[in-house]
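# Observations on chain architecture
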Amino acid sequence: MVGEVQFDEVYAKVKKVIAEVFKKDESELTLETRIIDDLGAESLDIITLLMEFEDTFDRKIPDEDVEKLVTIGDTVQYIAQILAEPSQK
Amino acid sequence: MNLFRISVFEFGCGQGTSLVRQRPASECRMPLLWIVVPGSHLDHKRLTFVVEKTILPQEKLLQAHASDFVCEMNDLSKTEGDAASHVLGMLPHRFPFVFIDRVLELLPGERIVALKNISTDEGFLRGHSPQNGSMPSGLLIEGMAQAGGVLVFASLPDEMHGTPVFFMAIDHVQVTRFPVPGDQVIFSVSFLKKSSWAVKFAASATINGSQVCEAELTATFGRKTGKKV
């Protein structure tokens, strides 16, 4: 179960990372924004994004979980969830 | 028996710690020496050594040779040439596309310093402004990237050995001078970011202590294992 506070904190950080990588204004981004379809992410962007997420949240994102990250909302939910779990580092 | 962090230097190249600079010039052509810095031991087994003494006094350290330490791994030779070719052998590149002659310093997980001597018979001089032959900036960046490649390979955990690494992006590049024959280019590369997906480096090239190129380089892994570098 992901708390509201943690979700909001993660959402703010995820939006900041995405805004920097895609050079967008944070106000343009919502939970429904689709990373590939709406932001036009290509393979280089995806890897950059994953590297930035791992660096920002200090958690690993394995291959098999990447396809879950379709929208910003999916990403926030996923990261908030792995942050709630004990670190595997 | 304590574990220490090891840096590898070649004397006479103007790089390294104050220990190197303290040495008289007459001793600056010694074979490769292992300089011991107290700290946690390195994860990478090929560069992990066990020192038999708790702390070496500084005088002893200045004169220490590889033979003073017990090398745990057989595949890293104690001779300069073999050690240099060992680390350069981590790269998939081969002649004529290797732009590092020697690794001067390698701290897995942290940084690398490598050199390239520019000679008059470099293949690129024949076609790159033949009248005023110089090393093209693209190859200067390639040299920094290859140094970064050695750093990544030396930093990979055991489970990721053999993973291909691809040069992915270059940012904030600045080239202020093209190396010419006779120049010795020193590449310095250190990690900015590490993740299981990609790594980012700060890289620079200097000649006679003056920076001639700087850039941020990003490399990604050819297959994923989800292991953090």
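In short, a report on the structure. (Residues numbered from 1 in each chain as written. Chains lettered and ligands numbered in written order. Predicted model: local features only at pLDDT ≥ 70, side-chain atom pairs only at ≥ 80, totals over all residues.)

### Describing the overall build of chain A
For clarity, the cut-off: Starting at the N terminus, helices and strands are each numbered in turn, a helix being any DSSP run of H or I of at least four residues and a strand any DSSP run of E of at least two. Between the buried cut of 20 or more and the exposed cut of 12 or fewer other C-beta atoms within 10 Å of a residue's own C-beta lies the partly exposed class, and all C-beta atoms are placed from the backbone.
Broken down by element type, chain A carries four helices and zero strands. Counting from the amino terminus, chain A carries its helices and strands in the arrangement α-α-α-α. Burial status across chain A gives 25% buried among its 89 residues.

### Comments concerning the nonpolar core
Residues and elements named next belong to chain B. For clarity, the cut-off: When buried Ala, Val, Leu, Ile, Met, Phe, Trp, Tyr and Cys residues are joined through C-beta atoms within 7 Å, the set is termed a nonpolar core. Residues are defined as contacting one another if the C-beta atoms placed from their backbone atoms lie within 7 Å.
With 58 residues, the main nonpolar core has Ile 112, Ala 114, Met 144, Ala 147, Phe 187, Val 189 and Ala 205 as its most contacted residues. With nine residues, the top contributor of residues to this core is helix H5 (residues 137–155). Dropping the residues within four chain positions of it, Ala 114 is found in contact with Ile 100, Arg 102, Val 103, Leu 104, Ala 147, Val 150 and Phe 187.

### Section: the environment of Ile 46 of chain A
By the element assignment, Ile 46 of chain A lies in helix H2 (residues 43–57). C-alpha of Ile 46 of chain A to C-alpha of Val 66 of chain A: the two residues are 20 residues apart in sequence and 9.3 Å apart in space.

### Some details on the interface of chain B and chain A
Often the size quoted for an interface is simply the accessible area lost on bringing the parts together. Short version of the rule: Following the grouping adopted for this structure description, the nonpolar residues are Ala, Val, Leu, Ile, Met, Phe, Trp, Tyr, Cys and Pro, the charged ones are Asp, Glu, Lys and Arg, and the polar ones are all others, Gly among them.
Taken together, the contacts link 11 residues of chain B with 10 residues of chain A. Looking at the side of chain B that touches chain A residue by residue, the classes come out as four nonpolar, four polar and three charged.

### Considerations on unusual backbone geometry
All names here are of chain B. Residue Phe 95 is joined to Pro 96 through a cis peptide bond whose omega torsion reads 5°. Its location among the elements puts Pro 96 in the loop between helix H3 (80–88) and strand E6 (102–107). Within the chain, His 172 stands out as a residue other than glycine whose phi angle is a positive 50°. When you line up the elements, His 172 lands in strand E8 (residues 165–175). Here Asn 208, not a glycine, exhibits a phi torsion of approximately 50°, which is positive. Looking at the secondary structure, you find Asn 208 in the loop between strand E10 (198–207) and strand E11 (210–221).

### Re the environment of Val 113 of chain B
All names here are of chain B. Checked against the element boundaries, Val 113 lands in strand E7 (residues 111–117). With 25 C-beta atoms counted inside 10 Å, the residue Val 113 sits in the buried group. With 34 residues separating them in the primary sequence, Val 113 and Ala 147 have C-alpha atoms 7.4 Å apart.

### With respect to the sheet that holds E11 of chain B
The criterion, for reference: Strands pair, by our definition, only if DSSP identifies at least two bridges between them. Helix axes are fitted only over the stretch in contact, all axes being lines through C-alpha atoms; the angle between N-to-C directions runs from 0 to 180 degrees.
Reading across the sheet, the six strands line up as E6-E7-E9-E10-E11-E8 (chain B) and stay open at both edges, with antiparallel pairing between neighbours. Strands with a single pairing partner mark the edges of an open sheet, and in this sheet they are E6 and E8 of chain B. Strand after strand, the sheet turns through a mean of 20° between neighbouring axes, direction not considered. In this structure, strand E9 (residues 184–194) of chain B lies alongside E10 of chain B, joined through nine bridges in antiparallel fashion. From the neighbouring strand, Ile 186 of chain B faces E10 of chain B, where its bridge partner is Thr 206 of chain B. Strand contacts of H2 of chain A: E8, E9, E10 and E11 of chain B, with the helix running at about 85° to E8 of chain B, the strand carrying the most contacts. Where H5 of chain B meets the sheet, its contacts fall on E6, E7, E8, E9, E10 and E11 of chain B, and the angle it forms with E11 of chain B comes to roughly 50°.

### Looking at the pairing of E7 of chain B
All names here are of chain B. Counting buried residues along E7, five of its seven residues qualify, which places the element largely inside the surrounding structure. Hairpin connection, E6 to E7: the antiparallel pair is bridged by three residues, and Gly 109 has positive phi, about 85°. Taken together, the seven bridges between E7 and E9 define a ladder with antiparallel strand orientation. Bridge pairing links Arg 111 to Ser 190 in E9.

### Overview of H2 of chain A
Residues separated by three or four positions in an α-helix point in the same direction, a consequence of the helix having 3.6 residues per turn. The condition that has to hold: Take the residue count of a helix, subtract one, and multiply by 1.5 Å to get its expected span.
Taking 1.5 Å of rise per residue, 15 residues should cover 21 Å, and H2 of chain A covers 21 Å from first to last C-alpha, within 8% of that figure. At the exit of H2 of chain A stands Asp 58 of chain A, carrying a positive phi of roughly 55°.

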